[in-house]
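Listed below are the residues making up each chain.
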Amino acid sequence: MTITIVHPSIENLQQFSDSFDIEKLLQSEGVLPWLLANGWNYDDESCLIANIIDESTSFDEVLNSEEFDFNALSDESKKKLNQIMREKLYSQAD
């Protein structure tokens, strides 16, 4: 199975346009725009996941968080998170 991660853009976040200011969200340094653009719902859980990732220094640290049970996520969701973190870090290096 191949997982394709899309970069946050106005087009990829259009479904959330009633929930927040997309332009402001796209300027965010955090991972929340990446989660939303790649299918996560805009809810407390995705905001918590984004916070944990933003405050962590490694994927292992994310998975071992006491704030959220990442092991309860499906394998596909875990793979997606790992890929999103890689893509986000790669885009920041440019």
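The structure we're discussing is the one just above.
Computed from a prediction, not measured in an experiment: that's the story for all the values here.

## Considerations on the layout of surface pockets
Thought 1: Roughly 210 Å³ of volume is contained in the largest pocket.
Thought 2: If you trace the largest pocket, you find 13 residues lining it, with I53, S56, M85, K88 and L89 closest to the centre.
Thought 3: It is helix α6 (residues 75–93) that contributes the most residues to the lining of the largest pocket, six residues altogether.
Thought 4: Among the residues making up the lining of the largest pocket, the classes are represented as five nonpolar, five polar and three charged.
Thought 5: A volume near 170 Å³ is recorded for the second largest pocket.
Thought 6: If you go around the second largest pocket, you meet 13 residues; those closest to its centre are H7, L26, S28, G30 and W34.

## Side note on the nonpolar core
Most often, soluble globular proteins keep nonpolar side chains buried together rather than apart.
Thought 1: The biggest cluster of nonpolar side chains holds 26 residues, and the ones touching the most others in it are L35, I49, F70 and L81.
Thought 2: When contributions to this core are tallied by element, the ones reaching two or more residues are α2 (22–26), α3 (32–37), α4 (44–55), α5 (59–63) and α6.
Thought 3: Here the element with the most residues in this core is α3; it accounts for five residues.
Thought 4: Excluding its chain neighbours within four sequence positions, the residues that come into contact with I49 are L35, W40, F68, F70 and L81.

## Remarks on the packing of aromatic side chains
Thought 1: All chains considered together, the criterion is met by one aromatic pair.
Thought 2: Seen from their ring centres, F68 and F70 are 4.9 Å apart, and the 70° between their planes marks the pair as edge-to-face. For the pair formed by F68 and F70, the shared burial category is buried.

The rules behind these values
- Residues numbered from 1 in each chain as written.
- Predicted model: local features only at pLDDT ≥ 70, side-chain atom pairs only at ≥ 80, totals over all residues.
- Heavy atoms only, no water.
- 1 Å grid on protein atoms, 1.4 Å probe; cavity = no way out; pocket = protein on both sides within 12 Å on 5 of 7 lines; lining within 4 Å.
- Points joined across faces, edges and corners; volume = space filled by probe spheres on them.
- Helix = DSSP H or I, 4+ residues; strand = E, 2+ residues; numbered from the N terminus.
- Nonpolar A, V, L, I, M, F, W, Y, C, P; charged D, E, K, R; others polar.
- Core = buried A, V, L, I, M, F, W, Y, C linked by side-chain atoms within 4.5 Å.
- Buried < 20%, exposed > 50% of the residue type's maximum accessible area, 1.4 Å probe, protein only.
- Contact = heavy atoms within 4.5 Å.
- Phe/Tyr/Trp six-rings, centres within 6.5 Å; stacked < 30°, edge-to-face > 60°.

So, to be careful, I would describe these as geometric facts and stop short of saying anything about function.
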